[in-house]
Amino acid sequence: MENIFDIAILGGGPAGYVAAERAGAKGLSVVIFDKRALGGVCLNEGCIPTKTLLNSAKVLEYAHEAEKYGITVGEVGIDFSKIMKRKDKVVRKLVSGIGAKMKHAKAEVVMAEAVIKEKRGSEITIEAEGKTYKAANLLICTGSEAAIPPIPGLDKSQILTNREILQLKELPKSLVIIGGGVIGTEFADFFNAMGTKITVIEMLPEILTGIDDDIAKFVRAEFTKRGIDFHLGAKVTKLNGKEVTFEKDGKEEKITGEQVLLSVGRKANVAGIGLENIGVEFTPRGVKIDKNCRTNIPNVYAAGDITGFSLLAHTASREGEVAVNHILGRKDQMRYDAIPGVVYTHPEIAGVGLTEASAKEKGIEVEIRKLPMAYAGRFVAENEGKDGFCKVIAGKKYGEILGVHMVGGACSEMIWGACALVEMQLRVKDVQEIVFPHPTVSEIIKETIFEF
Amino acid sequence: MAVPVLMPRQGQSVETCIIGEWYKKKGDQVKVGDILFSYETDKASFEEEAKAEGILLEIFYTEGDEVPVLENVAVIGAAGEPVEEFRPGGSKPVEEVKTETVVVAEVVAEKPTVAIRESSDEAVKISPRAKKQAETKGIDYNQLQGSGPGGRIIERDVVTAAETMPVMTSLAKAKASDEKLNVGAETSGLGGRALAGDLTSNNQVYSTDFEVKKLTNIRKLIAKAMHASLQNSAQLTHHMSADARTIMALRKKLKKDFEAGKVSQNITINDLVCLAVIRALKKYPQANTHFLGDSMRWFKKVHLGLAVDTERGLMVPAVKNADDLSLEGLSAQLSAIAAQCRQGNINPELLSPEAATFTVSNLGNYGVEMFTPVINLPQTAILGVCTIVPRPKDLGDGIYGFVPMMGLSLTYDHQALDGGEATLFLREIKEQIENLTI
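The shown structure was predicted, so the numbers you read here are calculated from the model rather than taken from an experiment.

## Notes on the overall build of chain B
For step 1, the next point in the chain: Along the backbone of chain B there are eleven helices and 20 strands.
For step 2, the next point in the chain: Taken across its 438 residues, chain B has 37% of its residues classed as buried.
For step 3, the next point in the chain: The long-range fraction of contacts in chain B, counting pairs at least 24 apart against all pairs at least 6 apart in sequence, stands at 58%.

Here is the structure:
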């Protein structure tokens, strides 16, 4: 008698490994496939390595600014290869940590490319390395990869994506970044700190689409001061090796970088995994799911970037959990109103819920309050000469917290609190009763809420 | 010496009244003539004045409570005087209950401390304590099944409902109580909480696109009366029109007379039509009747009902012995009852459908050309008066001209009158209007 797994998981990223962990903990038998490495893009070529690099940039910034805090340091320098090695070490450590988790969950890990073959009755067949695996449920979470737009002259070997840039051996003297989204902006910050000359070419009128407009402006102004060049509303029309041609206000400009980073978006990995073999509904943008992360095929679920929206590791993990809970018959569902968004630049950006622009777009009547970070004592104590602000968006009629957006300091660490406010639909007057620890930067949320 | 404040009796048929608003608080000093509270019958609202001076020692019924007439509503007396002897049903004081444990409170709440009359039109029976609890907790008590005597909702029911209902987020609570919504079948919030988006009015199809408003008492009464009328009679309508030249000329003259101070009232077309109708009824007494199934009341006098449109709804007050009145007297009475209806201080006795023997409903002012008025049972007929429109008419010698014609729509109960009788009666009204003299 062939072994039938309770759940087969395609993809070992934040959706897949978290789902495997949760399912294993509930006693389900799990098989999880990944063609590259456990941890997915997030752990191997996304969240974790970039945060490791950005922390080196932060330490460097401290060293440069030590004087301001009355600390004398010797000559400050950087060792790029050491920085990159430390990043590799962090990634290795966390990847092996996931391996341990999979063992703990008694999940069978198959490090190979897997293809969905067929679904017969309640039995789903997956093939990997010539072996077949059968499962009662399937979770598809094959993630996404850097989108490569059809720019004339684009030669993949001449440009970098988030994957290749993390493998650089030498620090480039100049870097042209096509696409000023979250990924582009974080790399801009890191390499700028390392001393690389950065040029960002963004097609839209502002960088960091989706982030609060005031915050995007604030960060761009900050980066401009540090010497980063921005070309907004600029469309790349041609690539010639590492020479980038772009059109702005009807004029054509050319710029050449020692390296060119392409970070214009992500593309769902829907091809080559056998979605069509069992009739899963999908478009090139992604697989369609419902609030329980179900696809159109019974017992087949999808989670993470493959869905084509909310491309965030934490969304992926949550979707994986929701899918497992649905398999287990536990009441749970996705809610996308309180998913935080964080950019780990210096200063950090963190936000949740509606922005001013999205409220306007949806026609929701809101009230907005904004306060400088300087209202939080600890921020002043720890951020000499630095700035930032907090913006809170509340419903006009009932005063429910709809959005909290911050820039400055380590605001990513406190955004989860704002997520809880939004998730719980607390109103301004409810939040006013919450005790915030003093002195912390988080008090800025309370201060801003008292502005209502 | 403490004295009770009674719920006044407004007319013989009124058995309970609902307290609208208290203008005085417990502990307030009141003087004779101070307005204590407002209250409503099914048909009108009134204000109760203090008849004694002193301190408002206790209030037994709060706003929205339905109170039997002549029941003690409050006590006025000197500070410190005992009030318990006046408490309706003689239960324990509410203050004491509040300090006791929940279990004891429940037992007390179970006693029929507040007699809410079992009214036929499905008023929700709920104790004041339970109601207050429900309002604080944001629970829609209309949906609760009462476990108290006679299915009355008591505190225990509200407490149980609060425990079993899904937890609502603070926004959902505020929105639910504000917009009178309920938690839908599915909740989507954290840990099964009900989010504001999970709220629904009862109808799932329209979701939250409407709000549920309770019918006012008067609306309920109208609804019941109208439905009953169509269900319990065999009504149909005949239409006819009357040459309005005479009546218009009369009206013109009377208006001048009024402006010249020769008559005391500004006589309206409606007053003149009513006069014509009264005269017609005297000739056709079979239309001046009540149909009672196995018998009919044939009235000697004409008690004329007049449909009055008010902010709160349709009212049909009666002018008693209208056939005894002069035109000026009739006009004065018609405008007086209409005004009283609009002000809400009409004598409820006059609103009873039994008070009138025949009703006139005039929609002429609104430009209605023809309609089918609904009989105010047990009356046997009702006249709808329509707008005046020019129509061609043979003026004699084959000469046609446009003449102002007033539409008349007579609805009658075929159980009581036959078509021939009704037609003759309607003709009589027409002729009375066409040949009206004062």
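So much for the structure itself; the text now carries on.
## Re the overall build of chain A
For step 1, the next point in the chain: Within chain A, the secondary structure is distributed over 14 helices and 23 strands.
For step 2, the next point in the chain: Looking at chain A as a whole, 48% of its 452 residues qualify as buried.
For step 3, the next point in the chain: Restricting to contacts in chain A with at least 6 residues of sequence separation, those with at least 24 account for 66%.

## Some details on the pairing of strand β23 (residues 401–407) of chain A
All names here are of chain A.
For step 1, the next point in the chain: Of all the seven residues making up β23, seven are buried; the element is thus mostly covered by neighbouring parts of the structure.
For step 2, the next point in the chain: Alignment of strand β20 (residues 349–353) against β23, held across five bridges, turns out to be antiparallel. Within the sheet, the bridge partner assigned to Ala 350 lies in β23 and is Met 406.
For step 3, the next point in the chain: Hairpin connection of strand β22 (residues 389–395) to β23: five residues between the antiparallel strands, including Gly 399 at a positive phi of 75°.

## Regarding the packing of helix α1 (residues 14–25) of chain A against helix α4 (residues 80–104) of chain A
Residue and element names in this part refer to chain A.
For step 1, the next point in the chain: Put simply, α1 and α4 touch, their axes get as near as 8 Å, and they point 30° apart. In terms of orientation, α1 lies roughly parallel with respect to α4. The way α1 lies across α4 gives a crossing that is left-handed. On the side of α1, the interface is formed by Tyr 17, Ala 20 and Glu 21, while α4 contributes Ile 98, Lys 101 and Met 102.
For step 2, the next point in the chain: Grouping the amino acids of the contact of α1 with α4 by side-chain chemistry returns four nonpolar, no polar and two charged.

## Description of the confidence of the model for chain A
For step 1, the next point in the chain: Scored by pLDDT, chain A comes out at a mean of 95, with 100% of its residues at no less than 70.
For step 2, the next point in the chain: The spread of mean pLDDT over the elements of chain A runs between helix α10 (residues 356–362) of chain A, the lowest at 93, and strand β8 (residues 174–178) of chain A, the highest at 98.

## Quick word on the interface of chain B and chain A
A common measure of how large an interface is: the accessible area buried when the components associate.
For step 1, the next point in the chain: Taken together, the contacts link eleven residues of chain B with eleven residues of chain A.
For step 2, the next point in the chain: Per-class residue counts for the side of chain B that touches chain A are six nonpolar, four polar and one charged.

## Topic: the packing of helix α8 (residues 269–283) of chain B against helix α11 (residues 419–434) of chain B
All names here are of chain B.
For step 1, the next point in the chain: Packing of α8 against α11 leaves a shortest axis separation of 8 Å and a crossing angle of 135°. The pairing of α8 with α11 is recorded here as oblique in orientation. In the crossing of α8 with α11, the sense of the turn from one axis to the other is right-handed. Each of Val 273, Ala 276, Val 277, Arg 279, Ala 280 and Lys 283 in α8 lies in contact with α11, whose residues at this interface are Phe 425, Glu 428, Ile 429, Gln 432 and Ile 433.
For step 2, the next point in the chain: Counted by class, the contact of α8 with α11 contains seven nonpolar, one polar and three charged residues.

## Focus: the nonpolar core
Residues and elements named next belong to chain A.
For step 1, the next point in the chain: Judged by nonpolar contacts, the single largest core of 75 residues is most densely connected at Ile 177, Ile 178, Ile 201, Leu 261 and Ile 401.
For step 2, the next point in the chain: With seven residues, helix α6 (residues 182–194) is the largest single contributor of residues to this core.
For step 3, the next point in the chain: Once you skip the residues sitting within four places of it in the chain, Ile 178 turns out to touch Ile 201, Val 236, Val 244, Val 260, Leu 261, Leu 262, Ser 263 and Val 264.

## Some thoughts on the environment of B:Asn288
Residues and elements named next belong to chain B.
For step 1, the next point in the chain: Its place among the elements puts Asn 288 in the loop between α8 and β12 (289–291).
For step 2, the next point in the chain: Under the C-beta neighbour-count criterion, Asn 288 is labelled buried, with 28 such atoms within 10 Å.
For step 3, the next point in the chain: In the structure, Asn 288 is positioned 16 residues away from Leu 304 in sequence and 9.3 Å away in space, judged by C-alpha atoms.
For step 4, the next point in the chain: Asn 288 has contacts with Leu 281, Phe 299, Val 302, Thr 357 and Phe 358, leaving out every residue within four places of it along the chain.

## Topic: the sheet that holds strand β19 (residues 381–394) of chain B
All names here are of chain B.
For step 1, the next point in the chain: Strand order in the open sheet formed by six strands is β11-β20-β19-β18-β14-β17, and the pairing between neighbours is mixed. Among the strands making up the open sheet, the edge pair consists of β11 (235–243) and β17 (318–319).
For step 2, the next point in the chain: Most of the contacts of α11 go to β11, to which it runs at about 25°, and overall it touches β11, β19 and β20 (400–413).

## Some words on the sheet that holds strand β12 (residues 243–248) of chain A
All names here are of chain A.
For step 1, the next point in the chain: Read from one edge of the open sheet, three strands run β11-β12-β13, paired in antiparallel fashion. Looking along the sheet, the strands with just one partner apiece sit at the ends: β11 (234–240) and β13 (251–256). Neighbouring strand axes in the sheet, compared pairwise and without regard to direction, differ in orientation by 25° on average.
For step 2, the next point in the chain: Bridging between β12 and β13 involves six bridges; their strand directions are antiparallel. Residue pairing across strands places Glu 247 opposite Glu 252, the latter belonging to β13.

## Digging into helix α12 (residues 415–423) of chain A
Residues and elements named next belong to chain A.
For step 1, the next point in the chain: Every buried residue belonging to α12 is among Ile 415, Ala 418, Leu 421, Val 422 and Glu 423, and all of these are buried.
For step 2, the next point in the chain: Against β19 (341–343), β20, β23, α13 (428–431) and α14 (443–449) lie the buried residues of α12.
For step 3, the next point in the chain: Once α12 ends, the next one or two residues include Gln 425, with phi positive near 50°.

## Things to note about the environment of B:Phe37
Residues and elements named next belong to chain B.
For step 1, the next point in the chain: With respect to the helices and strands, Phe 37 occurs in strand β4 (residues 35–40).
For step 2, the next point in the chain: Judged by the 23 C-beta atoms lying within 10 Å of it, Phe 37 falls in the buried class.
For step 3, the next point in the chain: It is 9.9 Å that separates the C-alpha atoms of Phe 37 and Val 73, two residues lying 36 residues apart in sequence.

## Topic: the confidence of the model for chain B
Residues and elements named next belong to chain B.
For step 1, the next point in the chain: Looking at chain B, the pLDDT average stands at 83 and 89% of residues meet or exceed 70.
For step 2, the next point in the chain: Counting contacts from residues 91–121, a segment whose pLDDT is below 50, to residues more than four positions away or on other chains yields 39 contacts.
For step 3, the next point in the chain: As a predicted assembly, this complex carries a pTM of 0.60 together with an ipTM value of 0.76.

## Points about the pairing of strand β2 (residues 16–22) of chain B
Residues and elements named next belong to chain B.
For step 1, the next point in the chain: Across three bridges, the pairing between β2 and strand β7 (residues 66–68) is antiparallel. Bridging from a neighbouring strand, Thr 16 pairs with Pro 68 of β7.
For step 2, the next point in the chain: Where β2 meets β4, four bridges bridge the pair, whose relative direction is antiparallel. Bridging from a neighbouring strand, Ile 18 pairs with Glu 40 of β4.

## Overview of helix α7 (residues 245–259) of chain B
Residues and elements named next belong to chain B.
For step 1, the next point in the chain: An ideal rise of 1.5 Å per residue puts 21 Å on 15 residues; α7 measures up with 21 Å between its terminal C-alpha atoms.
For step 2, the next point in the chain: Taken together, the buried positions of α7 are occupied by Ile 247, Leu 250 and Leu 254. With its buried residues spanning 60° around the axis, α7 presents them on a single face. Every exposed residue of α7 that faces more than 90 degrees away from the buried side is listed here: Ala 249, Lys 252, Lys 256 and Glu 259.
For step 3, the next point in the chain: If you follow the buried residues of α7, they end up packed against α8 and α11.
For step 4, the next point in the chain: Gly 261 lies just past α7 and shows a positive phi near 80°.

## A few points about unusual backbone geometry
Peptide bonds are mostly trans, and most non-glycine residues show a negative phi.
For step 1, the next point in the chain: The omega torsion across A:His346 and A:Pro347 is 0°, close enough to zero to call that bond cis.
For step 2, the next point in the chain: Summarising the element assignment, A:Pro347 is placed in the loop between β19 and β20.
For step 3, the next point in the chain: In this structure, A:Cys293 takes a positive phi of about 70° despite not being glycine.
For step 4, the next point in the chain: Along the chain, A:Cys293 turns up in the loop between β17 (286–287) and β18 (300–302).
For step 5, the next point in the chain: Located in the positive-phi region is B:Asn321, a residue other than glycine, with phi close to 45°.
For step 6, the next point in the chain: One can find B:Asn321 in the loop between β17 and α9 (327–343).

Reading guide: rules and limits
- Residues numbered from 1 in each chain as written.
- Chains lettered and ligands numbered in written order.
- Predicted model: local features only at pLDDT ≥ 70, side-chain atom pairs only at ≥ 80, totals over all residues.
- Helix = DSSP H or I, 4+ residues; strand = E, 2+ residues; numbered from the N terminus.
- Buried ≥ 20, exposed ≤ 12 C-beta atoms within 10 Å, placed from the backbone.
- Contact = placed C-beta atoms within 7 Å.
- Pairing = 2+ DSSP bridges.
- Axes fitted to C-alpha atoms, helices over the stretch in contact; angles between N-to-C directions.
- Parallel < 35°, antiparallel > 145°, perpendicular 65-115°, else oblique.
- Left-handed = near helix turned anticlockwise from the far one by under 90°.
- Nonpolar A, V, L, I, M, F, W, Y, C, P; charged D, E, K, R; others polar.
- pLDDT = per-residue confidence, 0-100.
- Core = buried A, V, L, I, M, F, W, Y, C linked by C-beta atoms within 7 Å.
- Expected span 1.5 Å × (residues − 1).
- Arc of directions from axis to C-beta.

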